[in-house]
Amino acid sequence: MRIRFTKMQGAGNDFVVLDETQGRLQLSMAQYRFLADRHFGVGADQILSVRPSPAAGLDFEYVIHNADGGEVEHCGNGARCFVRYVRDHGLTDKTTVRVKVQKGEIELTMNPDGRVTVDMGAPVFDLPQVPFNPAGLANTAINGWTVYDLPLGEQGTARVGVVSMGNPHAVQRVDDVDTAPVLTQGPLIEHHPAFPRRVNAGFMQIVSRSLIRLRVYERGSGETLACGTGACAAVVAGIRQGWLDHKVDVQTHGGLLTIEWAGQPDSPVRMTGPATPVFEGTIDIPDDL
């Protein structure tokens, strides 16, 4: 099967974007893995599918598959690329669109400076909805918010704040992200049994009340150059623990994101950052993977 695609990136988090507005491609998990493969396919952290509106009041459906082929709930950097894609390809002329994601709806706005702002919705703290099972874990309250100690065997213990931004995140504070044990603790946190659907592991260094540095070991993809939902989760965790102001710049390996959250549980998180087309092409996908 030969398909057209667009390669895009948002702060170094890279994507293959597929137009399914005229019909589903019906790709298998193995075919998504092939597209994401950096040696045999196009190469990407995630595959983004643009699908028609499933309901009144929505402009599109936004579907995300990780590099391992599994469908996931949300991708913030991908959301910015999504709105840039639908505008660049003439699928809409709106500057603000509403799209369906797996667990709700989000609003995306193209700014005059070319950056994109995404209304990510309110963070989810209800542990069963994350989902997260803290049974048997030591915990402590910081500024009134409960954080948990995850035992990681020979890698020690990670003290994490747990929150969902449409997908699950476990965020820990570190002294220096350059030396943080991202590649050793990351996979252990991702697969920790307290997270029945696995989790994204965030490593946050606080530079000031308005600036953090962040690395994220993403569920199903490994460490990426940037993670939009991870940036939102880190800022929310930092605000809840009294460490950060309500508007924070997040420096990732791939670029700068700006996150805003008023601090109230039902307040939406807003993320602003770049969305850049890289190239377009066609690829033959084997049927017998």
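Below or above, wherever it landed, is the structure these notes cover. The residue count restarts for each chain, going from 1 along the sequence in the order it is written. For a predicted model such as this one, the threshold for reporting local features is a pLDDT of at least 70, and the threshold for listing and counting side-chain atom pairs is 80 or more; totals across whole chains, interfaces and linings nevertheless cover every residue. The side-chain figures draw on all heavy atoms in the structure; neither hydrogens nor water molecules are used.

Let us now look at the pattern of salt bridges. A side chain of one charge can pair with a side chain of the opposite charge if their charged atoms are brought near each other. For this document, the term salt bridge refers to a Lys or Arg side-chain nitrogen within 4 Å of an Asp or Glu carboxyl oxygen. Summed over the entire model, instances satisfying the criterion amount to 19 salt bridges. A salt bridge links R38 to D45, with the shortest nitrogen-to-oxygen separation between them at 3.1 Å. Classification of D45 as buried rests on a relative accessible area of 8%. Residues D176 and R213 are paired through a salt bridge, measuring 3.7 Å at the closest nitrogen-oxygen approach. Placement of the pair is D176 in the loop between strand 12 (168–173) and helix 3 (182–190) and R213 in strand 14 (residues 211–218), with a sequence separation of 37 residues. Classification of residues uses two cut-offs on accessible area relative to the type maximum, computed with a 1.4 Å probe and protein chains only: under 20% is buried, over 50% is exposed, and between them is partly exposed. Residue class for D176 comes out partly exposed when judged on its relative accessible area of 28%. We classify R213 as partly exposed; its relative accessible area is 23%. Each helix is a run of DSSP H or I of at least 4 residues and each strand a run of E of at least 2, with the numbering of both proceeding from the N terminus.

We now examine the packing of aromatic side chains. Classification of ring pairs rests on two measures: the distance between centres of Phe, Tyr or Trp rings, Trp counted by its six-membered ring, which must be within 6.5 Å, and the angle between planes, read as stacked under 30 degrees, edge-to-face over 60 and tilted in between. On inspection of all chains with the given rule, the structure shows seven aromatic pairs. Consider the rings of F60 and F82, whose centres lie 5.9 Å apart with planes at 75°: the pair is edge-to-face. Taken together, the residues span a long stretch of sequence, with F60 in strand 4 (residues 60–66) and F82 in helix 2 (residues 76–88) at a distance of 22 residues. By relative accessible area, which is 0% here, F82 ends up buried. One aromatic cluster is present, formed by F60, Y62 and F82 through successive ring pairs. Geometrically, a charge over a ring is one whose NZ (Lys) or CZ (Arg) sits within 6 Å of the ring centre while staying within 35 degrees of the ring normal. The ring of W243 has R173 sitting right over it, with the charged end atom 4.6 Å from the ring centre. Cation over ring: R240 sits above F125, and NZ or CZ is 4.5 Å from the ring centre.

Moving on: the nonpolar core. Across soluble globular proteins, nonpolar side chains show a tendency to be buried alongside one another. Think of a nonpolar core as a cluster: buried Ala, Val, Leu, Ile, Met, Phe, Trp, Tyr and Cys residues, connected wherever their side-chain atoms sit within 4.5 Å. Counting residues in hydrophobic clusters, the biggest one holds 56 residues, and the most contacted among them are Y62, L108, I212, V250 and I259. Contacts between residues were defined by any pair of non-hydrogen atoms, one from each residue, lying within 4.5 Å. The contacts of L108, once residues within four sequence positions are left out, are A79, F82, V83, T95, T96, V97, V99, T117 and V118. Counting 22 residues, the second largest nonpolar core, distinct from the first, contains L137, V160, V182 and I189.

Most of strand 10 (residues 145–151) sits out of view: five of its seven residues are buried. Any two strands between which DSSP finds at least two bridges are classified as paired. Where strand 9 (residues 139–142) hands over to strand 10, the hairpin turn is made up of two residues, of which N143 adopts a positive phi near 55°. Two strands pair when backbone bridges link them, and strand 10 and strand 11 (residues 157–164) are joined in this way by four bridges, in the antiparallel orientation. Within strand 11, the position partnered with D149 by the bridge is R159. In this structure, the hairpin formed by strand 10 and strand 11 is closed by a connection of five residues, where G153 is found at a positive phi of approximately 65°.

Further remarks concern unusual backbone geometry. Geometrically, the link from V130 to P131 is a cis peptide bond, its omega value of -5° lying close to zero. Along the chain, the position of P131 falls in the loop between strand 8 (116–119) and strand 9. For A11, which is not a glycine, the phi torsion comes out positive at approximately 55°. Here A11 shows up in the loop between strand 1 (2–10) and strand 2 (13–19).

The subject of this paragraph is the environment of P123. Along the polypeptide, P123 turns up in the loop between strand 8 and strand 9. P123 sits in the buried class, given a relative accessible area of 6%. Distance in space between the C-alpha atoms of P123 and C232 is 8.6 Å, their sequence separation being 109 residues. Leaving out residues up to four positions away in the same chain, P123 has contacts with V163, S164, M165, V236, W261, P265, S267 and V269.

The values are spatial; any link to function lies outside them.
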